[in-house]
Amino acid sequence: METLQTLAQMLTEVKSKKPLVHHITNYVTVNDCANIVLALGGSPVMADDEGEVAEMVGLASALVLNIGTLNERTIRSMFAAGKRANEKGVPVVLDPVGAGATPLRTETAGRLMKEVKLAVLRGNLSEIKTLYGAEGATRGVDSTADASGAREIAVEMARKHRCVVAITGAQDVVTDGKRTGFIDNGHPLLSQVTGTGCMATSLVGCFCGVTRDSYLAALAGIMALGLAGEKAQAGLGDGGTGTFRISLVDVISRLESCDVLKGGKLTEKDG
Amino acid sequence: METLQTLAQMLTEVKSKKPLVHHITNYVTVNDCANIVLALGGSPVMADDEGEVAEMVGLASALVLNIGTLNERTIRSMFAAGKRANEKGVPVVLDPVGAGATPLRTETAGRLMKEVKLAVLRGNLSEIKTLYGAEGATRGVDSTADASGAREIAVEMARKHRCVVAITGAQDVVTDGKRTGFIDNGHPLLSQVTGTGCMATSLVGCFCGVTRDSYLAALAGIMALGLAGEKAQAGLGDGGTGTFRISLVDVISRLESCDVLKGGKLTEKDG
Amino acid sequence: METLQTLAQMLTEVKSKKPLVHHITNYVTVNDCANIVLALGGSPVMADDEGEVAEMVGLASALVLNIGTLNERTIRSMFAAGKRANEKGVPVVLDPVGAGATPLRTETAGRLMKEVKLAVLRGNLSEIKTLYGAEGATRGVDSTADASGAREIAVEMARKHRCVVAITGAQDVVTDGKRTGFIDNGHPLLSQVTGTGCMATSLVGCFCGVTRDSYLAALAGIMALGLAGEKAQAGLGDGGTGTFRISLVDVISRLESCDVLKGGKLTEKDG
């Protein structure tokens, strides 16, 4: 498939271009995000002080904003970094961790979407539905728990915000409002380790550093983590979730184009 | 033994109920705490901004306060979250990391104990003795370095604060002032990895999410970590403390009721 | 070689004296720093609130300042801790992570070097060159990309600041301005894991806790991490960078004097 071949090539490009990915992210999974970006071939940098984020993002190939442990101080930094990224043409990826759990999260994610032009929004169905609903959804949020509902919400949000929307779950949905891709890679064990969503977002950020097509970047990052989940589980033996988490980084550090070509499970549709 | 059977059942309940455990904790071991809670079957959430902790704890089945890297901002959040937890009937577990090392830690832990009703206080002997002494101990603190001294201090503090006090060490002591349990699980290697105390506290928080009997919750959490230490060491081979730490999560993710029944080393006494 | 024997002895001393190493460090690699210090035999403590750093550093055998995720609040704490360490005669090790990337980092590192007497400054060539240039370098910075240039810069900075300067890279250079050591241990894989520089700095801090000769402490810490990199890679098999990172801690936790004597690759020169 043509798209798979492009995704496989992008993996090679990350290794040669080593894009710098500026993160303002949570302190729970930050080490995993840094190591997964390094494993893919990128170069992570974490910087969250308002006094330096504008300069740092100016050096970067992509900006990842992750609200997992947001606070008043880092929220200010996210806006400063996001706006500067927009000025500089640096793609911005938002992970609205926990949107829906508290007003602070829902409102911060919503404001970021309004005030910062995103390249990619990546969340789980609950988070994305919350943001969709908070904007005055055109269809009932509660009725959209299934995968087809996910697609409709994602497409509508992608068109409204002119960004790529990715909803990850058993089947991942990625759309820019014109093209939609469904990824069937992954393993349920991924939900028993903290930070696998964050890592997927960081990988998306990394791929955004080597292509202007954010739809392809989102597909590539999410598929890479799905493939890692499959391979890590396959080699787990007697291991548990601790070993599984370490193996995710192992697999990404050894991932090659042929793994994407052979293992990638992608279905694409128009619209 | 009857208590062991109850603890074994509680393990099953965590897996079925998946209690949400809200943490305000340190940035050193936070990833380990999140992953060990997930491994047990619970659902961790880390949130420390004063603007959201009250809402977040309202969704939770337990609140874990850990002062390992406390600061002015997160201290305020701990009080806000703790008081709201009390209003909502959400059990609060306190880990007074480093109490005794600095006045900030000793005083913060002391104030938390005064202003927030705790379900469980878990620390090492040095930390608990500090808090005991800071309250105007009725017996000399320096003379109580042994296990029987630990028991006396724990019982007195448990009665005064009407909470469970757990002192972990070579032998762990857990008491609610009426019942006292001594746990002989664990391994010395646990002291060569950072965060094993924090992880024990997080597991206690997780069990607090499925029972109103905080004494049993403390026993279950501390015993689970002790069993993990034993099994991780037994399978270590040529590995070192890095592998040991990952294995702790592995073992917890595979822990079953029969492991508790077969491996749990518990002695109980009245008073 | 005489120096190697001293370094090997220092390893034994860390295990017997268990020096307390106070860190004010970044939240990306803080867990690795804590675990590598524990693995070596030291005792790490992380504390960054301005309200307690002066007391904490008073209990410590060394202070590590790492600006990896500096912010306004922790910068204040670094100066407070550094100054108190100077008053108390506690050796201070600075890791100027990312100096050169943003003015905030360059200026903070520069101010720390002016206002706090350092025992050791450890960075990569880019960071140290930035600090050298920011001070009004006596030779062109751009012309000093090679190892001999590294030596000249390190010696000049060491003499000016009367501290040990260590520049880590393919070959590590350590100097106090009179003696210079070149270390040829290590493995390229170390650059594909986040925090290996931070861990080296933490190990240096740990060794500073058992000797007044900061030159030897810097050699010992940097060589230990280099040896860990070699051994971790040698045993990696099918593993990737995730396993490699865990193995670094494993190796350090099993490192013995004979490993230093047999494996240490050190060349020393005067001046």
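Remember, it's a predicted structure, so these values are computed and weren't measured experimentally.

Let us now look at the overall build of chain A. Of regular secondary structure, chain A possesses 11 helices and 9 strands. Relative to its length of 271 residues, chain A is compact, with a C-alpha radius of gyration of 17 Å against a globular reference of 18 Å. Taken over the C-alpha atoms alone, chain A extends approximately 45 × 45 × 35 Å along its principal axes. Every one of the 271 residues in chain A was classed for burial, and the buried ones make up 63%. Counted over contacts in chain A with a minimum sequence separation of 6, partners at least 24 positions apart contribute 74%.

This part covers the relation of the copies chain B and chain C. Note on the copies: chain B fits chain C at an RMSD of 0.0 Å, the axial shift is 0.0 Å, and the rotation between them is 120°. Between the two chains, the operation in question is that of a three-fold axis. For chain B, the minimum C-alpha distance to the rotation axis belongs to B:Tyr27 and amounts to 3.5 Å.

Turning next to the sheet that holds strand 3 (residues 62–66) of chain B. Strand pairing in a sheet relies on backbone hydrogen bonds. The paired strands run either parallel or antiparallel. All names here are of chain B. Judged by pairing direction, the sheet is mixed, and its 9 strands sit side by side in the order 2-1-3-4-5-6-7-8-9 without closing on themselves. Because the sheet does not close on itself, it has two edges, and the strands there are strand 2 (43–46) and strand 9 (266–270). For this sheet, the mean angle separating the axes of adjacent strands, direction not counted, is 20°. Looking at chain direction, strand 8 (residues 179–183) and strand 9 are connected through 5 bridges and run antiparallel. Residue pairing in the sheet places Thr-180 in a bridge with Lys-269 of strand 9.

Moving on: helix 4 (residues 72–88) of chain B. Residue and element names in this part refer to chain B. Here helix 4 is 17 residues long and its end C-alpha atoms lie 25 Å apart, about the 24 Å a rise of 1.5 Å per residue gives. Turning to helix 4, its buried residues are Thr-74, Ile-75, Ser-77, Met-78, Ala-81, Gly-82, Arg-84 and Ala-85. Looking one or two residues past helix 4, Gly-89 carries a phi angle of roughly 75°, positive in sign.

So, about the interface of chain A and chain B. Opposite the 23 residues of chain A that make contact, chain B presents 25 residues. Contributing elements (two or more residues each) for the side of chain A that touches chain B: helix 5 (103–115) and helix 10 (241–254) of chain A. Sorting elements by how many residues they give to the side of chain A that touches chain B places helix 10 of chain A first, with 5 residues. The class makeup of the residues in the side of chain A that touches chain B is 8 nonpolar, 12 polar and 3 charged.

So, on to the interface of chain B and chain C. At the junction of the two partners, chain B supplies 23 residues and chain C supplies 25 residues. Taken together, the elements giving at least two residues each to the side of chain B that touches chain C come down to helix 5 (103–115) and helix 10 (241–254) of chain B. The element contributing the most residues to the side of chain B that touches chain C is helix 10 of chain B, with 5 residues. Of the residues assigned to the side of chain B that touches chain C, the class counts are 8 nonpolar, 12 polar and 3 charged.

On to the relation of the copies chain A and chain B, then. Each copy superposes on the other: chain A lies on chain B with an RMSD of 0.0 Å after a rotation of 120° and an axial shift of 0.0 Å. The share of interface residues of chain A whose copies in chain B are also at the interface is only 13%, consistent with the copies meeting through different surfaces.

Glancing now at the environment of A:Gln192. By the secondary structure assignment, A:Gln192 is in the loop between strand 8 (179–183) and helix 8 (196–208). Using a count of 17 C-beta atoms within 10 Å as the deciding quantity, one classes A:Gln192 as partly exposed. As for A:Gln192 and A:Thr241, which are separated by 49 residues in sequence, their C-alpha atoms are 6.9 Å apart. The contacts of A:Gln192, once residues within four sequence positions are left out, are A:Thr241, B:Leu38 and B:Ser253.

So, about the sheet that holds strand 1 (residues 20–24) of chain A. All names here are of chain A. Strand order in the open sheet made by the 9 strands is 2-1-3-4-5-6-7-8-9, with mixed pairing throughout. Because the sheet does not close on itself, it has two edges, and the strands there are strand 2 (43–46) and strand 9 (266–270). Across the sheet, the mean angle from the axis of one strand to that of its neighbour is 20°, orientation sign disregarded. With 3 bridges joining them, strand 6 (residues 164–168) and strand 7 (residues 172–175) adopt antiparallel strand pairing. Bridging across to strand 7, Ile-167 finds its partner in Val-173. Across the sheet, helix 2 (residues 30–40) is in contact with strand 1 and strand 2; its angle to strand 2 comes to roughly 155°.

Let us now look at the confidence of the model for chain A. Residue and element names in this part refer to chain A. When pLDDT is averaged along chain A, the result is 95, and 95% of the positions lie at 70 or above. pLDDT under 50 marks residues 139–144. Its contacts with residues more than four places away, or in other chains, come to 9 contacts. What the predictor reports for the complex is a pTM of 0.96 with an ipTM of 0.95.

This part takes up the pairing of strand 3 (residues 62–66) of chain C. All names here are of chain C. Within strand 3, 5 of the 5 residues are buried, which leaves it mostly tucked inside the rest of the structure. Residues Ala-62, Val-64 and Asn-66 of strand 3 are buried on one face, and the alternating residues Leu-63 and Leu-65, pointing to the opposite face, are buried as well. As paired elements, strand 1 (residues 20–24) and strand 3 share 4 bridges and run parallel to each other. By the bridge assignment for strand 3, His-22 is matched with Leu-63.

Residue and element names in this part refer to chain A. Between helix 1 (residues 2–17) and helix 9 (residues 214–234), the shortest axis-to-axis distance is 10 Å and the interhelical angle comes to 75°. Considered as vectors, helix 1 and helix 9 are oriented roughly perpendicular to each other. Each of Thr-6, Leu-7 and Met-10 in helix 1 lies in contact with helix 9, whose residues at this interface are Leu-216, Leu-219, Ala-220 and Met-223. Its residues assigned to classes, the contact of helix 1 with helix 9 shows 6 nonpolar, 1 polar and no charged.

Attention now moves to the environment of A:Ala62. Residue and element names in this part refer to chain A. You can see Ala-62 is positioned in strand 3 (residues 62–66). On the basis of neighbour counts, which here come to 29 C-beta atoms within 10 Å, the residue Ala-62 falls in the buried class. Placed 209 residues apart in sequence, Ala-62 and Gly-271 show a C-alpha to C-alpha distance of 26 Å. If near-sequence neighbours (up to four positions away) are discounted, Ala-62 is found in contact with Pro-19, Val-21, Val-90, Pro-91, Val-93, Gly-205, Cys-206, Cys-208 and Gly-209.

We now examine the nonpolar core. Grouped together as the largest cluster of nonpolar side chains are 300 residues, with contacts concentrated most on A:Val120, B:Val120 and C:Val120. Those residues in contact with C:Val120 that sit more than four places away from it in its chain are C:Val93, C:Cys163, C:Val164, C:Ala166, C:Val204, C:Cys208, C:Ser214, C:Ala217 and C:Ala218.

Cut-offs used in this document
Residues numbered from 1 in each chain as written. Chains lettered and ligands numbered in written order. Predicted model: local features only at pLDDT ≥ 70, side-chain atom pairs only at ≥ 80, totals over all residues. Helix = DSSP H or I, 4+ residues; strand = E, 2+ residues; numbered from the N terminus. Rg over C-alpha atoms; globule rule 2.2 N^0.38 Å. Buried ≥ 20, exposed ≤ 12 C-beta atoms within 10 Å, placed from the backbone. Contact = placed C-beta atoms within 7 Å. Least-squares fit on C-alpha atoms with pLDDT ≥ 70 in both. Pairing = 2+ DSSP bridges. Axes fitted to C-alpha atoms, helices over the stretch in contact; angles between N-to-C directions. Expected span 1.5 Å × (residues − 1). Nonpolar A, V, L, I, M, F, W, Y, C, P; charged D, E, K, R; others polar. pLDDT = per-residue confidence, 0-100. Parallel < 35°, antiparallel > 145°, perpendicular 65-115°, else oblique. Core = buried A, V, L, I, M, F, W, Y, C linked by C-beta atoms within 7 Å.

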